[in-house]
Amino acid sequence: MADREFDLFVIGAGSGGVRAARFSAARGARVAIAEDRYLGGTCVNVGCIPKKLFVYASHFRDEMEDATSGFGWTLTSSSFDWPTLRDNKTREIERLNRVYEGLLRDAGVRHIEGRATLVDPHTVEVDGKRYSAENILIATGGWPTVPEIPGAELALTSNELFYLDELPHKAIIVGGGYIAVEFACIFHGLGVDVTQLYRGPLFLRGFDGDVRSHLAEQIRGRGIDLRFETNVKAIEKTDPGIRAVLTDDSKLDADLILFATGRRPNTENLGLEDVGVEFGKAGAIAVDAYSRTNVPSIWAIGDVTNRMNLTPVAIHEGVCLSETLFNDNPRSPDHEYVPAAVFSQPPVGIIGLTEEQASEKFAAIDVYRTSFRALKHTLTDGRERTLMKLIIDRATDRVVGLHMVGPEAGEIIQGFAVAIKAGATKADFDATIGVHPTSAEEFVTMRTPVGG
Ligand SMILES: Cc1cc2nc3c(=O)[nH]c(=O)nc-3n(C[C@H](O)[C@H](O)[C@H](O)COP(=O)(O)OP(=O)(O)OC[C@H]3O[C@@H](n4cnc5c(N)ncnc54)[C@H](O)[C@@H]3O)c2cc1C
């Protein structure tokens, strides 16, 4: 290894790349990381973190309504100032960028600013300078896709939403994935008139059917104009704003159109084809169970491999890679029972299989489901209902799926994820005493299956 400058050269300082770089350097490897945009990658700059800050901001309207409608508060006035939120968020992101810089420096990782390309299986070029490495890790993440329709350039992607000059009065959100749903709820919570369009029959494809339909009902109940089987076929500029021409030929005016219609792996112009790296489905870099590509010195983790596009998964893949390469401990990432949340209003928390997946996988399942109005809303005008669902493999009694739509679902799911990952059975759930009065206690008090 000694004649090459680095043991590991990481391309992309996002969630996965930074973790792999730091942990490898901590094991004594000589590591460099190239980043051409922002330290911390998508999650820190235009993803999870700024989004969640916006989610918090969007909740206050509800809180104020609940306070006045049922809990005796009188609020004399309230107003929202978008530039204040946007700039406070940006200040925090800049602080995090500096934290990442410090983490890399303290770990002894060499940070190289600029866009990296592959020259050969052991050489990377950044700004005309070449670096040799025993191993190269591609951790370049993903990038939003925009449909090829007339006027598409008039629409925005999630990248730009974090830096808007002003908040729109009316927004059209196109897409049915979690990012589209979250932004529809954020805008709505901040007082924007929102229409969400999705070309399929029901949004959140891949989520449990009950979760999808329950959330659609709750979101409509809040006043978001949610339309399925509808898409945009063209966008036109109007004098005050922008107009979407829909697939049924109707027209919809707005100040902003967001395309949250998917993301593609960031592989363009990296030189991957020239060194013979193979691609899998949807343009993702194909890797084996240890994140190795078909070129033995080149590895890939995170969204660029399109395995499970979540920050904690990219981080886990980075940890596994450093174990494999520098701790003599080959470790393949574990993508089973990964919990996830959609920070919609109400939020969604999930772990394990959907009812549809479980009935395909197991000979017999039991399904427990409850839907109720949370205690807090017994004093408010809120009609929102919480949904909770457990899916059990009847043969082993193991809980193989747990789903929730309701307040704090993301927080609640994390604790249950530990139990489910450890193989908890329905009998374990039944033996657990609830915390009263909470919504979460319903998960340990459901006794009668509703189907299977
Ligand atoms: C709006 C939004 C919300 C999200 N919310 C959540 C959430 O709530 N929870 C969650 O778990 N996940 C969320 N995600 C997904 C999460 O952000 C990604 O899964 C995660 O960032 C993937 O990490 P990564 O290391 O693969 O890539 P990234 O974090 O995308 O990092 C890749 C880095 O590589 C750099 N790069 C690319 N090409 C080059 C090159 N040639 N040379 C140098 N540098 C390069 C990029 O600039 C970038 O910094 C969200 C994503 C979006 C877009």
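In this report, we go over the structure that sits alongside the text.

Reading guide: rules and limits
Sequence positions are assigned chain by chain, starting from 1 and proceeding in written order. A pLDDT threshold of at least 70 governs which residues receive local features in this predicted model, and a stricter bar of 80 or more applies before side-chain atom pairs are shown or counted, although totals over entire chains, interfaces and linings include all residues. The basis for the side-chain values is all heavy atoms of the structure; hydrogens and waters are excluded. For helices the rule is a DSSP run of H or I covering at least 4 residues; for strands it is a run of E covering at least 2, with both sets numbered from the N terminus onward. Based on C-alpha atoms, the radius of gyration is set beside the globule rule, defined as 2.2 Å times the residue count to the power 0.38. When accessible area is computed with a 1.4 Å probe and restricted to protein chains, residues below 20% of their type maximum are described as buried, those above 50% as exposed, and intermediate ones as partly exposed. Contacts are assigned to residue pairs with any non-hydrogen atoms lying within 4.5 Å of each other. The Shrake-Rupley method, run with a 1.4 Å probe sphere, supplies the accessible areas, and residue values consider only the shown protein chains as cover. Positive charges come from Lys and Arg alone, negative charges from Asp and Glu alone, with His and the N- and C-terminal ends not counted. A charge is said to be at NZ when it belongs to Lys, at CZ for Arg, at CG for Asp and at CD for Glu. The axes used here are C-alpha line fits, helices contributing only the stretch in contact, and every angle between their N-to-C directions lies in the interval 0 to 180 degrees. Throughout, the term roughly parallel applies to angles under 35 degrees, roughly antiparallel to angles over 145, roughly perpendicular to angles from 65 to 115, and oblique to all others. Each helix crossing is assigned a hand: it is left-handed if the near helix lies turned anticlockwise from the far helix by less than a right angle, otherwise right-handed if that turn is clockwise. Charged residues are taken to be Asp, Glu, Lys and Arg, nonpolar residues to be Ala, Val, Leu, Ile, Met, Phe, Trp, Tyr, Cys and Pro, and polar residues to be all remaining types, Gly included. By convention in this text, a residue qualifies as near a molecule or strand provided that one of its non-hydrogen atoms is within 4 Å of it. Under the rule applied, a polar contact is a pair of N or O atoms within 3.5 Å (in protein, one hydrogen donor and one hydrogen acceptor; residues adjacent in sequence only if both atoms are side-chain atoms). Two strands qualify as a pair provided that DSSP identifies no fewer than 2 bridges between them. Salt bridges are defined as contacts in which a side-chain nitrogen from Lys or Arg sits within 4 Å of a carboxyl oxygen from Asp or Glu. Here is the rule: rings of Phe, Tyr and Trp (six-membered ring for Trp) pair when centre to centre is within 6.5 Å. Planes less than 30 degrees apart are stacked, more than 60 are edge-to-face, and the remainder are tilted. One less than the number of residues in a helix, times 1.5 Å, gives the span that helix is expected to have.

### Some thoughts on the overall build of the protein chain
For step 1, the next point in the chain: A tally of regular secondary structure across the protein chain gives 11 helices and 21 strands.
For step 2, the next point in the chain: Radius of gyration (C-alpha) of the protein chain: 24 Å, near the 22 Å computed for a compact globule of 452 residues.
For step 3, the next point in the chain: Taken along the three principal axes of its C-alpha coordinates, the protein chain extends 70 × 65 × 45 Å.
For step 4, the next point in the chain: Out of the 452 residues in the protein chain, the part that is buried amounts to 51%.
For step 5, the next point in the chain: Put simply, 62% of the contacts in the protein chain that link residues at least 6 apart link residues at least 24 apart.
For step 6, the next point in the chain: Total accessible area on the protein chain is roughly 20,800 Å²; 50% of this is exposed by carbon and sulfur atoms.
For step 7, the next point in the chain: One way to put it: in the protein chain the 48 positive side-chain charges average out to a point 1 Å from where the 63 negative ones average out.

### Structural notes on the packing of helix α1 (residues 15-26) against helix α8 (residues 311-326)
For step 1, the next point in the chain: Put simply, α1 and α8 touch, their axes get as near as 7 Å, and they point 30° apart. Here α1 is positioned roughly parallel relative to α8, judged by the angle of their axes. Two packed elements cross with a definite hand, and for α1 against α8 that hand is right-handed. Facing S15, G16, R19, A20, F23 and S24 of α1, the residues of α8 in contact are T311, A314, I315, G318, V319, L321, S322 and F326.
For step 2, the next point in the chain: Looking at side-chain class alone, the contact of α1 with α8 contains seven nonpolar, six polar and one charged residues.

### Side note on the site of the ligand
For step 1, the next point in the chain: Of all residues adjacent to the ligand, which total 36 residues, the nearest are G16, E35, T42, K51 and D303.
For step 2, the next point in the chain: Interatomic distance of 2.5 Å between a side-chain N/O atom of K51 and an oxygen atom of the ligand.
For step 3, the next point in the chain: When isolated, the ligand has an accessible area of 1,000 Å², and the protein chains bury 95% of it.
For step 4, the next point in the chain: Elements that contribute at least two residues to the shell around the ligand include exactly α1, β2 (31-35), α2 (41-46), α3 (48-70), α6 (178-189) and α8.
For step 5, the next point in the chain: For the shell around the ligand, the element with the highest residue contribution is α2, accounting for four residues.

### Description of the pairing of strand β5 (residues 123-126)
For step 1, the next point in the chain: As defined by bridge partners, strand β4 (residues 116-120) adjoins β5 across four bridges and the pair is classed as antiparallel. Following the sheet pairing, A116 is matched in β5 by V126.
For step 2, the next point in the chain: What sits between β4 and β5 in their antiparallel hairpin is a turn of two residues.
For step 3, the next point in the chain: Sheet analysis places β5 next to strand β6 (residues 129-138), joined by four bridges and oriented antiparallel. Considered in β6, the bridge of V124 is made with Y131.
For step 4, the next point in the chain: Adjacent in sequence and paired antiparallel, β5 and β6 are bridged by two residues, among which D127 carries a positive phi angle near 50°.

### A few points about the sheet that holds strand β10 (residues 225-228)
For step 1, the next point in the chain: Sheet architecture is open: four strands sit in the order β10-β9-β8-β14, paired in parallel fashion. Only two strands of the sheet have a single partner each, and these edge strands are β10 and β14 (256-259). Each strand axis lies, on average, 15° off the axis of its neighbour in the sheet, ignoring direction.
For step 2, the next point in the chain: Here strand β8 (residues 170-174) runs beside β14; their pairing, made up of four bridges, is parallel. Note on β14: the bridge partner recorded for I172 is I257.

### Concerning the pattern of salt bridges
For step 1, the next point in the chain: For the structure shown, the criterion picks out 24 salt bridges.
For step 2, the next point in the chain: Of the charged contacts in the structure, one is a salt bridge between D334 and K421, with a shortest N-O distance of 2.6 Å. With a gap of 87 residues between them, D334 in the loop between α8 and β17 (340-342) and K421 in helix α10 (residues 409-421) connect regions that are remote in the sequence.
For step 3, the next point in the chain: On the basis of relative accessible area, D334 is assigned to the partly exposed category, the value being 36%.
For step 4, the next point in the chain: Exposure remark for K421: the relative accessible area of 39% places this residue in the partly exposed category.

### Things to note about the packing of aromatic side chains
For step 1, the next point in the chain: Taken as a whole and assessed by the stated rule, the structure comprises 10 aromatic pairs.
For step 2, the next point in the chain: With centroids separated by 5.3 Å and ring planes inclined at 70°, the aromatic side chains of F203 and F228 adopt a geometry described as edge-to-face. Separated by 25 residues along the polypeptide, F203 in the loop between β9 (193-198) and α7 (209-222) and F228 in strand β10 bring together distant segments of the chain. The exposure classification of F203 matches that of F228, with both residues buried.
For step 3, the next point in the chain: Ring geometry for F416 and F429: centres 5.6 Å apart, planes at 25°, overall stacked.

### Here's the deal with helix α4 (residues 82-107)
For step 1, the next point in the chain: Counted at 1.5 Å a residue, the expected span for α4 with its 26 residues is 38 Å, and the 38 Å between its end C-alpha atoms agrees.
For step 2, the next point in the chain: Along α4, the residues classified as buried are W82, L85, R86, K89, T90, I93, L96, N97, Y100, G102 and L104.
For step 3, the next point in the chain: For α4, the secondary structure elements touched by its buried residues are α1, β2, α2, α3 and α5 (158-161).
For step 4, the next point in the chain: Looking one or two places after α4, you find G108, whose phi comes out positive at around 85°.

### Digging into unusual backbone geometry
For step 1, the next point in the chain: For the peptide bond that leads from Q345 to P346, omega is 0°, which places it in the cis range.
For step 2, the next point in the chain: Mapped onto the elements of the fold, P346 is located in the loop between β17 and β18 (348-352).
For step 3, the next point in the chain: Look at the link from H436 to P437: it is a cis peptide, with omega at -5°.
For step 4, the next point in the chain: Take P437: it is sitting in the segment after α11 (426-431).
For step 5, the next point in the chain: In this structure, E229 takes a positive phi of about 50° despite not being glycine.
For step 6, the next point in the chain: Along the chain, E229 turns up in the loop between β10 and β11 (232-237).
For step 7, the next point in the chain: The phi dihedral of N306 falls on the positive side, at around 50°, and the residue is not glycine.
For step 8, the next point in the chain: Structurally, N306 is set in the loop between β16 (298-300) and α8.
For step 9, the next point in the chain: According to the relative accessible area criterion, N306 is partly exposed, its value standing at 34%.

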